[in-house]
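# Reading the structure
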Amino acid sequence: MAARRVSAEMSSIIMALAAALLGFAFFKYLPNYTPEHNWVYGVPGWLALGYITAQLWMLLDSALRIRPTSIIDAVLAIAPVVSGIVCGVLWMVGYLQLSPFQLNALAMLVATGFVEFVSTLWVRNVVLQRGVSVLPGTTVAG
């Protein structure tokens, strides 16, 4: 039996959900985390750059396919932003204790997630001018 290739859309969805869940877990279960080594302060920026590069690569891969794209990927692209906003609100009301390093990581999570979400919507709806389907392989009559 041949192995089925995971689509770029599914990989993008998995990455967005993983970023949202891992980000929340980092802020919740490592309160006031401050790195011991100075080089660690650059890690959130590099992770954000790697994440958005991979997401844009997958977006272009799915955009070049001649088939309708799913709205589920575009909807779930906002998951890291929502997770980051929730963590920010929890920090503001005193439920989460975040260090300056974690606040920087939180800002990176929200900004990168926002860039991913906007670029996903822009490429799919403005550049490609394609219809949107709820499930891969189906189209919505308009």
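Residues numbered from 1 in each chain as written. Predicted model: local features only at pLDDT ≥ 70, side-chain atom pairs only at ≥ 80, totals over all residues. Heavy atoms only, no water.

## Remarks on the packing of aromatic side chains
Per the counting criterion, the structure on display carries 5 aromatic pairs. Where Phe26 meets Tyr33, the ring centres are 5.9 Å apart and the plane angle is 70°; that geometry is what we call edge-to-face. Here a set of aromatic residues connected by ring pairs shows up, and it is made of Phe26, Phe27, Tyr33, Tyr41 and Phe101. (Phe/Tyr/Trp six-rings, centres within 6.5 Å; stacked < 30°, edge-to-face > 60°.)

## Structural notes on the nonpolar core
Counting residues in each nonpolar core, the largest one holds 7 residues, listed as Phe27, Cys87, Leu96, Leu98, Ala105, Leu106 and Leu109. The leading source of residues in this core is helix 5 (residues 100-127), at 3 residues. (Core = buried A, V, L, I, M, F, W, Y, C linked by side-chain atoms within 4.5 Å. Buried < 20%, exposed > 50% of the residue type's maximum accessible area, 1.4 Å probe, protein only. Helix = DSSP H or I, 4+ residues; strand = E, 2+ residues; numbered from the N terminus.)

## Observations regarding the packing of helix 1 (residues 8-29) against helix 5
Here helix 1 crosses helix 5 at 160°, and the two axes come no closer than 11 Å. The angle between helix 1 and helix 5 places the two elements in the roughly antiparallel class. Considering the relative orientation of helix 1 and helix 5, their crossing is left-handed. Residues Glu9, Ser12, Ala16, Ala19, Gly23, Phe26 and Phe27 of helix 1 touch helix 5, and the partners they reach there are Phe101, Gln102, Ala105, Leu106, Leu109, Glu116 and Arg124. A per-class count over the contact of helix 1 with helix 5 returns 8 nonpolar, 3 polar and 3 charged. (Axes fitted to C-alpha atoms, helices over the stretch in contact; angles between N-to-C directions. Parallel < 35°, antiparallel > 145°, perpendicular 65-115°, else oblique. Left-handed = near helix turned anticlockwise from the far one by under 90°. Contact = heavy atoms within 4.5 Å. Nonpolar A, V, L, I, M, F, W, Y, C, P; charged D, E, K, R; others polar.)

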